[in-house]
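# Descriptive analysis of the structure
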Amino acid sequence: MTKKARWLLWLLVGGPILAFSLWALIDNARLYLVTLLNGLTLASLYFIVASGFTLVFGLMRNVNLAHGSLYLLGGYVGYVVANHTGWWILAVAAGFAAAAIAGLLIQWLILRHMQGQELRQTLVTIGLSIVIADVLLWIFTGQVHQLEAPAWLQGPIRDIPLIRAYSAYRLSLLGFGILIGVGLWWLLNRTRVGMMIRAGVDDRAMLAAAGVNVNRVFAITFMLGAGLAGFGGVIGAVELSMVPGEDIRLLLASLIVVIVGGMGSVVGAAIGAVILGLAETYGLAYAPTYSVVFTFGILILVLAFRPRGIMGRAS
């Protein structure tokens, strides 16, 4: 794409967004700003779940379509632990651990025997997703479950200019997302483990020849990615609740985030999550009938003009 065409594309996309923002601020500044915060906090949750997916799918090239079910598994385990102990932090740790162990079992027992066989991985993980979702439905029924926020995050933060008050818990999601994003970037770009993960993706045989246990490195990476899905399930259970079908929603969101942001890029996943979160919330606030169109419109534009994603590398 030429520089002139790139500027034209930015004008075609950014012009309407700027015009809408000016109109919305003049018409109802509070609604616009509250929707902005809602979009960013939803984007933070999407990023946390999708960052695990981008580790597994984007970096390791393992197709794990059971990722949404691991999100639901972590949420339910966190709900049970919170109800029995009253400790929200313990619930978060339990949800992360449950999804991480499940992910490790999936990778170690099944997916490591299918390395490079994307179609088999897809079919097998779809089957696993159905089985996990049905087992959770059998145990927890179709009733809606919701986790309570910890006492120190309950209630609104008041006296915010223009907005007046906003949920303390929802704002905390932004902090979680930033911490996880910085931590993953540091892990992948500034540590020996991250170097081994990236080297294993680029040349698995050469890394093994250097004496590194590639299967162990990939198993740990898969476990971390699955654990992030479970972590997202626990913190998302406060705002979104847990109900059968939520796993499909989060899986679809993760796929869109990775495709839009670029495979294997943590920064790209953050950008994709922000775009998706804002598109969903502004669509629901200002054009609820057509909100789903905005999401798929963004996906079509990215696939048409930059198929590898915003931050994706050329193959």
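Just so it is clear, the structure is predicted and the values come from calculations on it, not from any experiment. (Residues numbered from 1 in each chain as written. Predicted model: local features only at pLDDT ≥ 70, side-chain atom pairs only at ≥ 80, totals over all residues. Heavy atoms only, no water.)

Turning our eyes to something else, we now look at the packing of helix α10 (residues 246-261) against helix α12 (residues 291-305). Interhelical geometry of α10 versus α12 gives an angle of 35° and a closest axis separation of 9 Å. The two elements α10 and α12 cross, and the hand of that crossing is left-handed. Only T295, I298, L299, V302 and L303 of α12 make contact with α10, whose side of the interface consists of I256, I259 and V260. Here the residues of the contact of α10 with α12 are counted per class, giving seven nonpolar, one polar and no charged. (Axes fitted to C-alpha atoms, helices over the stretch in contact; angles between N-to-C directions. Helix = DSSP H or I, 4+ residues; strand = E, 2+ residues; numbered from the N terminus. Left-handed = near helix turned anticlockwise from the far one by under 90°. Contact = heavy atoms within 4.5 Å. Nonpolar A, V, L, I, M, F, W, Y, C, P; charged D, E, K, R; others polar.)

This paragraph deals with unusual backbone geometry. One non-glycine residue, T141, lies in positive phi territory at about 60°. Along the chain, the position of T141 falls in the loop between α5 (118-140) and β1 (156-160). A positive phi angle, close to 80°, is found at R164, a residue other than glycine. Mapped onto the elements of the fold, R164 is located in strand β2 (residues 164-167). Among the residues examined, R164 registers a relative accessible area of 53% and is labelled exposed. (Buried < 20%, exposed > 50% of the residue type's maximum accessible area, 1.4 Å probe, protein only.)

Looking now at the packing of helix α3 (residues 67-85) against α10. Running from N to C, α3 and α10 cross one another at 130°; their axes reach a closest spacing of 7 Å. Viewed along their axes, α3 and α10 adopt a mutual orientation that is oblique. For the pair α3 and α10, the sense of crossing is right-handed. Of the residues in α10, those in contact with H67, G68, S69, Y71 and L72 of α3 are E246, D247, L250, L251 and S254. Among the residues making up the contact of α3 with α10, the classes are represented as four nonpolar, four polar and two charged. (Parallel < 35°, antiparallel > 145°, perpendicular 65-115°, else oblique.)

Along its 21 residues, helix α11 (residues 266-286) runs 30 Å from first to last C-alpha, staying within 8% of the 30 Å computed at 1.5 Å per residue. Of the positions making up α11, those classed as buried are V266, G268, A269, G272, A273, L276, G277, A279, E280, T281, Y282 and G283. Its side-chain oxygen placed 2.8 Å from the backbone nitrogen of G268, S265 serves as the N-cap of α11. (Expected span 1.5 Å × (residues − 1). Polar contact = N/O pair within 3.5 Å; in protein donor to acceptor, adjacent residues only side chain to side chain.)

Per the stated rule, a full pass over the model turns up three salt bridges. Across the salt bridge formed by R170 and E239, the nearest N and O atoms sit 3.7 Å from each other. Taken as a pair, R170 in helix α6 (residues 168-190) and E239 in helix α9 (residues 214-239) lie far apart in primary sequence, 69 residues in all. Classification of E239 by relative accessible area gives partly exposed; the value is 29%. R249 serves as the salt-bridge partner of E280, at 3.9 Å between the closest nitrogen and oxygen. One end of the pair, E280, is in helix α11; the other, R249, is in helix α10, and 31 residues separate them in sequence. (Salt bridge = Lys/Arg side-chain N within 4 Å of Asp/Glu carboxyl O.)

Turning next to the nonpolar core. Within the largest apolar cluster, 68 residues are counted, with the highest numbers of intra-cluster contacts made by L70, W88, L147, Y169 and I235. When residues in this core are grouped by element, the largest group, 12 residues, is from α9. In contact with Y169, other than residues within four places in its own chain, are W88, A149, P150, L153, I235, V238 and E239. (Core = buried A, V, L, I, M, F, W, Y, C linked by side-chain atoms within 4.5 Å.)

A word on the packing of aromatic side chains. Under the counting rule described, the total for this entry stands at 12 aromatic pairs. Measuring from centroid to centroid gives 6.1 Å for W88 and F176, while their planes differ by 35°, and the two rings are tilted. Remark: F176 occurs in helix α6 and W88 occurs in helix α4 (residues 88-109); sequence separation between them is 88 residues. Ring centres 5.9 Å apart and planes at 85° place the aromatic pair F176 and F231 in the edge-to-face group. Taken as a pair, F176 in helix α6 and F231 in helix α9 lie far apart in primary sequence, 55 residues in all. Note on accessibility: F176 and F231 belong to one class, buried. Joined through ring pairs, the aromatic side chains of F20, W23, Y32, Y282 and Y286 make up one cluster. Above the plane of the ring of W108 lies R112, whose end atom (NZ or CZ) is 4.1 Å from the centre. (Phe/Tyr/Trp six-rings, centres within 6.5 Å; stacked < 30°, edge-to-face > 60°. Lys NZ or Arg CZ within 6 Å of the ring centre and 35° of its normal.)

Shape descriptors only; they carry no functional weight alone.
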